[in-house]
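Coordinate analysis (summary)
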Amino acid sequence: MEWANQLCENRQFGSKMTDSKYFTTTKKGEIFELKAELNSDKKEKKKEAVKKVIASMTVGKDVSALFPDVVNCMQTDNLELKKLVYLYLMNYAKSQPDMAIMAVNTFVKDCEDANPLIRALAVRTMGCIRVDKITEYLCEPLRKCLKDEDPYVRKTAAVCVAKLHDINAQLVEDQGFLDTLKDLISDSNPMVVANAVAALSEIAESHPNSNLLDLNPQSINKLLTALNECTEWGQIFILDCLANYTPRDDRESQSICERVTPRLSHANSAVVLSAVKVLMKFMEMLPKDLDYYSTLLKKLAPPLVTLLSAEPELQYVALRNINLIVQKRPEILKHEMKVFFVKYNDPIYVKLEKLDIMIRLASQANIAQVLAELKEYATEVDVDFVRKAVRAIGRCAIKVEQSAERCVSTLLDLIQTKVNYVVQEAIVVIKDIFRKYPNKYESVIATLCENLDSLDEPEARAAMIWIVGEYAERIDNADELLESFLEGFHDESTQVQLQLLTAIVKLFLKKPTETQELVQQVLSLATQDSDNPDLRDRGYIYWRLLSTDPVAAKEVVLAEKPLISEETDLIEPTLLEELICHIGTLASVYHKPPSAFVEGSRGVMHKRLPARTGSGESTESPDVGTAAGGSAPEAAPSIIPSQGDLLGDLLNLDMAPPTTSGPPPPTTGMQMGGMDLLGGGLDSLLGGDIGGSPAMGAGFGAAPAVMPASLNAPVGGGLGDLFDLGGVGMPMGAYIPPKIVWLPAMKAKGLEISGTFARRAGVIQMELILTNKAMSVMTDFAIQFNRNSFGLAPAGPLQVLTPLGPNQTIEVSLPLSTVGPVMKMDPLNNLQVAVKNNIDVFYFSCQYPISMLFVEDGKMERQVFLATWKDIPNDNESQFQIKDCHLNSDAASSKLQGSNIFTIAKRTVEGQDMLYMSIKLSNGIWVLAELRVQAGNSNYTISLKCRAPEVSQCVFQCYEAVLKN
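Now for a quick tour of the structure. (Residues numbered from 1 in each chain as written. Predicted model: local features only at pLDDT ≥ 70, side-chain atom pairs only at ≥ 80, totals over all residues. Heavy atoms only, no water.)

Details of the overall build of the chain
Each helix and strand in the chain was counted, giving 38 helices and 15 strands. Buried residues in the chain amount to 52% of all 965 residues. Contacts in the chain between residues at least 24 apart in sequence constitute 67% of all its contacts with a sequence separation of at least 6. With the model as given, the accessible surface of the chain reaches about 44200 Å², and the carbon-plus-sulfur share is 51%. (Helix = DSSP H or I, 4+ residues; strand = E, 2+ residues; numbered from the N terminus. Buried < 20%, exposed > 50% of the residue type's maximum accessible area, 1.4 Å probe, protein only. Contact = heavy atoms within 4.5 Å. Areas by Shrake-Rupley, 256 points an atom, 1.4 Å probe, with all protein chains shown as cover.)

Structural data, given as structure tokens:
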């Protein structure tokens, strides 16, 4: 009787079971049993079997052996069963492409089914099956579905075009799907419009120069009309598309803002942030004295505040975006300080972000409220949060001068708590307060010194050492305090060691008689006993300064320091503008541009905010802008590194005395080693003495260890050296950019340097014009390059054989090799140069046209070209437009060949000439190109393929420069 009850209970339990039964591992889960069930005549049994197959597939079992049996189940009117079979097909079609072809007829048939759900399902599935053989059959059904009477089918087909473009972009363009997609933006159904916009946006991302979304006032009006009626995700697509549009004037900008503003009250936070992005961008074009401008500012605050009542994860995203908005327009949230006060149950990541925004919003009006709140936070239990709160008090002191005294008093109260990590953070921020307000709050130094023994963190120890060194004359036992740190010098972190070295040198300069032993001890520890090059170099600099000119040492080491700025952690303005254009995306959470974290982000366009005029300039611009005349190289160098950037790489200080045992051993390439600038190393090199340590082998202008056999032979490395060019000269008509000023006289003590680059007879030349605009004679010229993307280095010394008198000009041609040290630069063709003469060392940056690196043996065989083009992934293809070019294809080909851009083949299709070209760079990289020239059309289209796609932008600029000059 008992077993009967048990059986009854089991049956009841079984009736309550849901889909979990399909995942049970019974004998029936075996492949052969599933095969039998799939071929059953009973529809229900067949459906159950397919569900079991999908369940097995979901948990990772290989059920690909059942492919033909599952495909046979496609012939059914049951929508649920059809969906399951399609799901299976999407998963296994790639591994069974030949079998997947069997399903094509059913797909085509389903695309004409009376039921719109089945039509949409068929076209969606075909788009998801990434098999080349099937894509050919997809075109006709997709064309019909794009014009289907049912909007659900049309919107599904629109997304399918984007998927198909990802698989085979050329096919989509040839079949005219992109034009159909553009037509769908005018569709009567808002969801179709939204999906068309989404598809075009996705395609445009992979082809940034294609101008697919040709936005104009008429199309913008259609998008804004659809905005009110489509779903929330549709609204996001449309808003993101609007954000890429630049209005013609402030009136159009205001009109768009008025129609977008209602989206701020949407329940979906993603819609709200997309609307904020559009408004933040278009506000740039509104005059600040306009009434609507101030109304818009007021309207932006409530939705942002509302986002902070969501769950913590959404709060964090909102706060990261608010952080950007507050840096751009603090006036939006200046009255909303209280919403950023931390709640006891906020997660730590939300607390820290709120704290950051509180400081950004701090002003004289609310500082008392903020300080009271921060002091409360400093007594919390969460260590990271307390540290940030203490640091925030210091930042408030620096930002709001009227509150500095109150902040210092609050920090002293916190130091009295004797909580170790609170004390250490307080000392770090008090150091910054001393930098901001010198000779104002030094009375607290005594209190700080009492806590010296409790400091165990490098940053706090370094801060305390800085304070002792800076105010040594006010601290009676400063030498004893610093000596106590010196006892464990080698156990300290680099930060502390560097600070201790500087502090003791300061102390010596202030109290020389009492601290001579101490300074000798620290200089010895830093130079002789240390392995750290930074510490050693600084030690040697101080040692030489003190031993040669103590007065100069005093001027350098005890120089008046500039006051630190209010906000040291603000995002750089151009980056901030770009991030504002990416509000609501990952870029706004990471606070990094998409190119920094998206893999394969070739051709990513850097967005920027529009100018406050109705100029209608493009919202997006590539990294390196082209000059108005069309030639990128003509533009002035846009990247001039600071001396700090160049000193480290260009002039590594090598303090070892020169050896006299003979010339250095020969090496295979240029060695850009360190130079003893403080001694006579450089002068002796230039005087003809090539002796020196191997590291100094071919530094500033010294003869390279191995010269090229002939300057007529190419000096390039890589594949170029495999071919004997026999001194083949470059054809006539090679493009050479005009000379521009690289180093103005006012920045180089009267020395002006202009120049350009040329490639002659296979040798790269840097052609310089040196002009002396000073009153004194200039001699002893030498040149050195920093590491660069293509290993460019001087192939010989800078030949300035006679002194350069006042108002004299000399032209010099410097041959270059490509066997120097390599380091990727930004932009890729950036070259950092140091030029030395008898007066000083000067630094400048210039950009060379990459065409100088195109070698003479860059003509590829036709068959090799075809195989290479197919072999390079489609993801590596970049497309560009060359505008306002009035050459025919033959003239263009001839002109390009002069710069070693070789035409492999030419064909004409429907009146359009297609030129296939190859280029070889000096480092062995090949670039393949397809140039399309349409008769009567001054705009050329160029597609570039390369295994190193980052060079494509520079190659395109060369095409543009050569064809337009």
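Some words on the environment of Gly539
Assignment of secondary structure puts Gly539 in helix α30 (residues 533-548). Expressed as a C-alpha distance, the spacing of Gly539 and Leu498, which sit 41 residues apart in the sequence, is 8.8 Å.

A short note on the packing of aromatic side chains
For the structure on display, the rule yields eleven aromatic pairs. An angle of 75 degrees between the planes, with centres 6.2 Å apart, marks the rings of Phe865 and Tyr916 as edge-to-face. Within this pair, whereas Phe865 is found in helix α36 (residues 862-871), its partner Tyr916 is found in strand β13 (residues 912-920), the two being separated by 51 residues in sequence. One exposure class covers both Phe865 and Tyr916, and it is buried. (Phe/Tyr/Trp six-rings, centres within 6.5 Å; stacked < 30°, edge-to-face > 60°.)

What about the environment of Val822?
Along the polypeptide, Val822 turns up in the loop between β8 (809-817) and β9 (830-836). Given the relative accessible area of 58%, Val822 is considered exposed. Counting along the chain gives 30 residues from Val822 to Leu792, while the straight-line C-alpha distance between them is 8.1 Å. Beyond its immediate stretch of four places on either side in the chain, Val822 contacts Arg787, Asn788, Ser789, Phe790 and Gly791.

Some thoughts on the sheet that holds strand β6 (residues 782-785)
Pairing in this open sheet of three strands is antiparallel, and the strands run β6-β9-β10 from one edge to the other. In this open sheet, the two edge strands, each paired with only one partner strand, are β6 and β10 (841-847). In this sheet, neighbouring strand axes are inclined to one another by 25 degrees on average, regardless of whether the strands run parallel or antiparallel. (Pairing = 2+ DSSP bridges. Axes fitted to C-alpha atoms, helices over the stretch in contact; angles between N-to-C directions.)

Quick word on the nonpolar core
Core analysis: the largest hydrophobic core is formed by 209 residues, its most contacted members being Tyr88, Leu89, Leu142, Val260 and Phe434. Discounting chain neighbours no more than four positions away, the residues touching Leu142 are Val123, Ala157, Cys160, Val161, Leu164 and Phe177. Ranked by size, the runner-up nonpolar core spans 65 residues in total, among them Leu814, Cys846, Ala929 and Val933. (Core = buried A, V, L, I, M, F, W, Y, C linked by side-chain atoms within 4.5 Å.)

Here's the deal with helix α26 (residues 458-470)
In this model, α26 (13 residues) spans 18 Å end to end at C-alpha, consistent with the 18 Å of a helix rising 1.5 Å per residue. In terms of residue burial, α26 counts as a mostly covered element, since eleven of its 13 residues are buried. Looking at α26, one finds that the buried residues are Ala460, Arg461, Ala462, Ala463, Met464, Ile465, Trp466, Ile467, Val468, Gly469 and Glu470. Contacts made by the buried residues of α26 are with α24 (420-436), α25 (445-450), α27 (478-486) and α28 (494-510). (Expected span 1.5 Å × (residues − 1).)

A look at a negative patch on the surface
Negative charge collects at one region of the surface, where Glu480, Glu483, Glu487 and Glu517 lie side by side. Take Glu480: it is sitting in helix α27. (Patch = residues over 30% accessible without salt bridge, like charges linked within 9 Å, V, L, I, M, F, W, Y side chains within 5 Å. Salt bridge = Lys/Arg side-chain N within 4 Å of Asp/Glu carboxyl O. Lys, Arg positive; Asp, Glu negative; His and termini not counted. Charge placed at Lys NZ, Arg CZ, Asp CG, Glu CD.)

Things to note about the pairing of β6
Alternating positions in β6 separate into two faces, Ala782 and Gln784 on one and Ile783 and Phe785 on the other, with burial throughout. Summarising the sheet, β6 and β9 pair through four bridges and their orientation is antiparallel. Directly across from Gln784, in β9, lies its bridge partner Ala834.

Observations concerning unusual backbone geometry
The amide bond that connects Asp826 to the next residue, Pro827, takes the cis arrangement and shows omega of -5 degrees. Positive phi is not limited to glycine here, since Lys418 has a value of about 65 degrees. Along the polypeptide, Lys418 turns up in the loop between α23 (404-416) and α24. For Lys418, a relative accessible area of 48% gives the class partly exposed.

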